[in-house]
Every structure is written in structure tokens, then in C-alpha cells.
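# Remarks on the overall topology
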Amino acid sequence: MALPNEKARRQVSLVKVFKGGVGKKMLLAWILVVLKLGTYWTCYTWLPSFLLTDMGQGVGKSTRWVLTAQAGQFAGMLAFGNFADRFGRRPTYSVYSIVTAGALAMLAFHWQWLSAHTELFWLTMLTLGIGSGCTAGFGALLAELFPLEVRGMAMGATYNMGRASLLVAPAIVTLMKERYGLPGGLSVPMILAVATASWVWVLPETRGITLPQLFMSPRKGPSPRGRSASSSASSSSGLRPVITPPLGTPKLPPTAAADAPKDSGTPTTGTPKLKP
């Protein structure tokens, strides 16, 4: 395996990449990127404006609501890794996305009731932020999907193509807001969050797996099959492996048993003679 400051010793052809199933994983991961980033961008790009103009929260309150959501997101990010390692990537992503969708549903359809109950408004914004914390594990999830030799290329292409596809997201939110009001505008990230919770199950679970490779790295030794074949060949030919002790190992004096001849007919000193 080439180190970060070394040039790759072996080029990977695109034909070999797509034959290894990387193309299908890139497509599935690209859809997940579109859904997840679409949820985040359509929510947090428009939420300050919705809080200020449609919900009438004022500049001070709107700022506090957004900061509360950001604090919840920070806490959700810190906890996401532990949950993903314990319960798996897909269940954790799904639960986080459902939490996001639930908080957005409360803001979209019950914001007037939340405005009359300030403590519940705080809780809803905090919950919205916690659900958005699954963005912390996005890089790890994508990295574990692709083989070692093309991981950087596959991750970069998938993520950036997903971002480019979201250029139409503001227009969709604007259209829904003009037709259906505040519930329509917030329904866009809510639907995307539900879709994220469902689509993540299409991808393979990567918790605890051995990271895939397209071929053996030049820095690695022979495969276990090769080692077993070579060991069996050496044993059949009568050759024994030479074991070299590490440097600095003191030499032990030879023992008397090692110096004695093994197959000589003369008995060793001190051995009693048996009478016939």
C-alpha cells in the first residue's frame, strides 16, 4: 500500500473499477448524498427566514432558535460515532433522519402551538439539531463502501456530484412555499429526511467489516493460500525453514544433550549396561 507521500505504484483502470461493482455503489451512494444534503440545505438555508417572517419570532428569538439547533447538532455529532459503532451505520442513520423528520413536522404543522409553549419550541429546535448530527458520519460511511485503491476518487466524485445536483433545491422550496405556505416549504426537507431514513438500507452495512480491495497491495506479502501452498511444498521436499533470531539476542551455550551423537552405537557416559 502506498503511503500518503508516495506515488501509487499501480494504476487502476476504470474498466476494472466498474467490473468490481464500484459503479453501482457510487450510484447508490450518490442518491444518499442527494437526499441527506438536500435535507440539511433546504432546512437550514430557509429556516431562519421562516422563523423570522412566517412564524413572527423576531430577530432575537430566531437567532436563539438557530443557535439551539446548532448546539443540538454538535451534541448529535459527538454521539453519532458511538451509536454507529455499537448498533451499525444503517440503523443509526435511519433513526437520526426520522428524528429530523419528526422535528420538521412539528415546525411545519404545529408551529403556532409551539409558539404558545416556549419550552416545547426549545425542545423541538434542539431535537432538530440532534437529528442533523448524522452528517458527522457521512465521510466514514462513504469511505467504507469503496475499495482501498479508488476510495479517494469514488468518494470525491460521489459527494461532489451530489452537491451539484442540489442546485435546484432552492427553487423547489420556493415553489412549495408559494403554493402551500410554510407547511409546504418545510415539507421538502421533511420528505427528504424520511427518504434518507429509507434509502440508507439499500447500502450494505459496513460496521466491523474488512475494508475491500480490488487487488493485493504491493506492500503486502503473499495471501494465506499462497503461504499454505509454499509451506506444504517445503515440507514435502524435506526443507526446513531457517529461523533467524532478532538482533541482540544472546547466544546460549550448547547443552550436553545437543552435543551427544544421536545414532551412535556407543552408549553415552553414565548409562548403565544391560545384561542379556
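This text follows the structure it describes.
Now for a description of the structure that goes with this document. (Residues numbered from 1 in each chain as written. Predicted model: local features only at pLDDT ≥ 70, side-chain atom pairs only at ≥ 80, totals over all residues. Heavy atoms only, no water.)

### Considering the overall build of the protein chain
Within the protein chain one finds 11 helices and 0 strands. Moving toward the C terminus, one meets the helices and strands of the protein chain in the order α-α-α-α-α-α-α-α-α-α-α. By the burial criterion, 32% of the 276 residues in the protein chain qualify as buried. Of the contacts made within the protein chain by residues no fewer than 6 positions apart, 81% connect residues no fewer than 24 positions apart. (Helix = DSSP H or I, 4+ residues; strand = E, 2+ residues; numbered from the N terminus. Buried < 20%, exposed > 50% of the residue type's maximum accessible area, 1.4 Å probe, protein only. Contact = heavy atoms within 4.5 Å.)

### Observations regarding the packing of helix α2 (residues 22-54) against helix α8 (residues 151-165)
One way to put it is that α2 packs onto α8 with a least axis distance of 8 Å and a crossing angle of 45°. By the angle between their directions, the pair α2 and α8 is classed as oblique. The chirality of how α2 crosses α8 is right-handed. Facing Val-22, Met-26, Ala-29, Trp-30, Val-33, Val-34, Leu-37 and Trp-41 of α2, the residues of α8 in contact are Ala-154, Ala-157, Thr-158, Tyr-159, Met-161, Gly-162, Arg-163 and Ser-165. Residue classes in the contact of α2 with α8 are distributed as 12 nonpolar, 3 polar and 1 charged. (Axes fitted to C-alpha atoms, helices over the stretch in contact; angles between N-to-C directions. Parallel < 35°, antiparallel > 145°, perpendicular 65-115°, else oblique. Left-handed = near helix turned anticlockwise from the far one by under 90°. Nonpolar A, V, L, I, M, F, W, Y, C, P; charged D, E, K, R; others polar.)

### Quick word on the nonpolar core
Ranked by internal contacts, the top residues of the largest apolar core, which has 26 residues, are Leu-47, Met-55, Leu-107, Phe-121, Met-125, Leu-128 and Leu-186. Discounting residues that sit within four places of it in the chain, Met-125 has contacts with Leu-47, Leu-51, Trp-65, Val-66, Thr-68, Ala-69 and Leu-107. By size, the runner-up hydrophobic cluster in this structure holds 23 residues, among which are Leu-37, Leu-141, Val-150 and Val-200. (Core = buried A, V, L, I, M, F, W, Y, C linked by side-chain atoms within 4.5 Å.)

### A few points about the side chain of Ser-97
Inspection of the secondary structure assignment puts Ser-97 in helix α4 (residues 89-109). The exposure class of Ser-97 is buried, given its relative accessible area of 1%. Sequence-distant contacts of Ser-97, defined by excluding residues within four places in its chain, comprise Cys-134, Ala-193, Thr-196 and Ala-197.

### Remarks on the pattern of salt bridges
Counted under the stated rule, the structure contains 3 salt bridges. Across the pair Arg-89 and Asp-85 runs a salt bridge, and its minimum N-O distance is 2.8 Å. For Arg-89, the salt bridge goes to Glu-144, with nearest N and O atoms at 2.8 Å. Remark: Glu-144 occurs in helix α7 (residues 138-145) and Arg-89 occurs in helix α4; sequence separation between them is 55 residues. Given a relative accessible area of 11%, Arg-89 falls into the buried group. (Salt bridge = Lys/Arg side-chain N within 4 Å of Asp/Glu carboxyl O.)

### Points about the side chain of Thr-39
With respect to the helices and strands, the residue Thr-39 is situated in helix α2. At 3.2 Å, the side chain of Thr-39 forms a polar contact with the backbone nitrogen of Ala-193. (Polar contact = N/O pair within 3.5 Å; in protein donor to acceptor, adjacent residues only side chain to side chain.)

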